[in-house]
Amino acid sequence: MPKKILMITSLSFLLLLTACNEETRAVEKLKEENPRDIKKVAAAFPKDVQKELEAPTKFPFKSKNADLTFASEPAGDPKGKIIMTEFIFGNGVDSVLHASTYHNKNTSFDSDGKKPKTVKLKDGTKATIVNNSKTSKVIRWKKDGLYHSIMLIKSPKSKKEYSIKDIVKTADSMHH
C-alpha cells in the first residue's frame, strides 16, 4: 500500500512540475529549433530576464519562422537593462505575430481618455484590447508583475480573417 501512495504522490508532483514548466518548455523548444536566432540572443540576457521569457505555443496560423528581439538601455546591449523582449512568428506569407514581455516592473501605458474594451484570458486575467482593425489585432495584460502583449499584423491583401479570439487563444497558451 505505501508504494502506491508514494507512486501516486510522485506522479502528482511530476504532473505539477510539468504544468509549471510549460512556458519554459515553449522557450526551450524555440531555442532548440532556432539556435542562432533565439538561443544565442536569449543566452546573452541577464539570468533574471531569461527566467521571465515567455512564448506562446498556439498561433492563429502555421508558424514557419521565429525570431527573438529586444529593447535595452543602452540600446542593443543584451547585458544592459532589458526593457522588452519579443518573440516574432511569421507564416512566411502575409501574417506576423509579436509576443512581447515588458521587463521593466514600472511599465505603464497611456490611455487616450476613453475606457478601453477588455477581454478575459482563460485564467481570469483581464486583457485590454489595444487595436482591433482589419489588419492589426493587439491585446495587452499584466500578470505576475510583468506586462505582456500579443500583436497580430496581416497584409491588407491577405484573404485570411483573424479575430481578437484568435489572439486570446495565443495569449492563453503563454500561461498555465
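Above this text you will find the structure in question.
Here we summarise the structure given alongside this text.

Reading the values: rules and limits
- Residues numbered from 1 in each chain as written.
- Predicted model: local features only at pLDDT ≥ 70, side-chain atom pairs only at ≥ 80, totals over all residues.
- Heavy atoms only, no water.
- Helix = DSSP H or I, 4+ residues; strand = E, 2+ residues; numbered from the N terminus.
- Buried < 20%, exposed > 50% of the residue type's maximum accessible area, 1.4 Å probe, protein only.
- Polar contact = N/O pair within 3.5 Å; in protein donor to acceptor, adjacent residues only side chain to side chain.
- Contact = heavy atoms within 4.5 Å.
- Phe/Tyr/Trp six-rings, centres within 6.5 Å; stacked < 30°, edge-to-face > 60°.
- Salt bridge = Lys/Arg side-chain N within 4 Å of Asp/Glu carboxyl O.
- Pairing = 2+ DSSP bridges.
- Axes fitted to C-alpha atoms, helices over the stretch in contact; angles between N-to-C directions.

Details of the side chain of Asn91
Here comes step 1: Mapped onto the elements of the fold, Asn91 is located in the loop between β2 (81-90) and β3 (95-102).
Here comes step 2: We classify Asn91 as buried; its relative accessible area is 11%.
Here comes step 3: Of note is the side chain of Asn91, whose polar atom sits 2.9 Å from the backbone nitrogen of Asp94.
Here comes step 4: At 3.0 Å, the side chain of Asn91 and the backbone nitrogen of Ser95 are in polar contact.
Here comes step 5: For Asn91, the residues in contact, after removing those within four places along its chain, are Phe61, Lys62, Lys64 and Tyr162.

As for unusual backbone geometry
Here comes step 1: Omega for the peptide link from Glu73 to Pro74 comes to -10 degrees, which places this bond in the cis form.
Here comes step 2: Summarising the element assignment, Pro74 is placed in the loop between β1 (65-73) and β2.
Here comes step 3: One non-glycine residue, Asp144, adopts positive backbone phi at about 50 degrees.
Here comes step 4: Note that Asp144 resides in the loop between β6 (136-143) and β7 (146-154).

Remarks on the packing of aromatic side chains
Here comes step 1: If you walk through the whole model with that rule in mind, you get four aromatic pairs.
Here comes step 2: Pairing Phe45 with Phe70 gives two aromatic rings, centres 5.3 Å apart and planes at 85 degrees, and the pair type is edge-to-face. Highlighted residues: Phe45 in the loop between α3 (35-43) and α4 (47-52) and Phe70 in strand β1, separated in sequence by 25 residues.
Here comes step 3: On the basis of relative accessible area, Phe45 is assigned to the buried category, the value being 1%.
Here comes step 4: Their ring planes at 20 degrees and their centres at 6.4 Å tell us that Phe87 and Phe89 sit as a pair that is stacked. The pair Phe87 / Phe89 is uniform in exposure class, with both members buried.
Here comes step 5: Cluster of aromatic residues (ring-pair linked, three or more members): Phe59, Phe87 and Phe89.

Brief notes about the side chain of Ser95
Here comes step 1: Structurally, Ser95 is set in strand β3.
Here comes step 2: Ser95 gets classed as buried once you look at its relative accessible area, which sits at 3%.
Here comes step 3: There is a polar contact of 3.1 Å between the side chain of Ser95 and the side chain of Tyr162.
Here comes step 4: Residues within four places of Ser95 in sequence aside, it is in contact with Phe61, Phe89, Gly90, Ile153, Lys154 and Tyr162.

Digging into the pattern of salt bridges
Here comes step 1: Going through the model one piece at a time under the given rule, you end up with six salt bridges.
Here comes step 2: Between Asp37 and Arg36 there is a salt bridge; the shortest N-O distance is 4.0 Å.
Here comes step 3: The class for Arg36 is exposed, based on a relative accessible area of 63%.
Here comes step 4: Through salt bridges that share partners, Lys134, Lys154 and Glu161 make up one connected network.

Regarding the sheet that holds β2
Here comes step 1: Read from one edge of the open sheet, seven strands run β1-β2-β3-β7-β6-β5-β4, paired in antiparallel fashion. The outermost strands of the open sheet, each flanked by one partner alone, are β1 and β4 (118-120). Going across the sheet, the axis of each strand differs from the next one's by a mean of 20 degrees, ignoring polarity.
Here comes step 2: When β6 meets β7, the two strands line up antiparallel, connected through eight bridges. From the neighbouring strand, Ser136 faces β7, where its bridge partner is Ile153.
Here comes step 3: Here α3 sits on the sheet and contacts β1 and β2; the angle it forms with β1, its principal contact strand, is near 25 degrees.
Here comes step 4: Against the sheet, helix α5 (residues 164-172) makes contact with β3, β4, β5 (126-132), β6 and β7, and its axis sits at roughly 35 degrees relative to β6, the strand it touches most.

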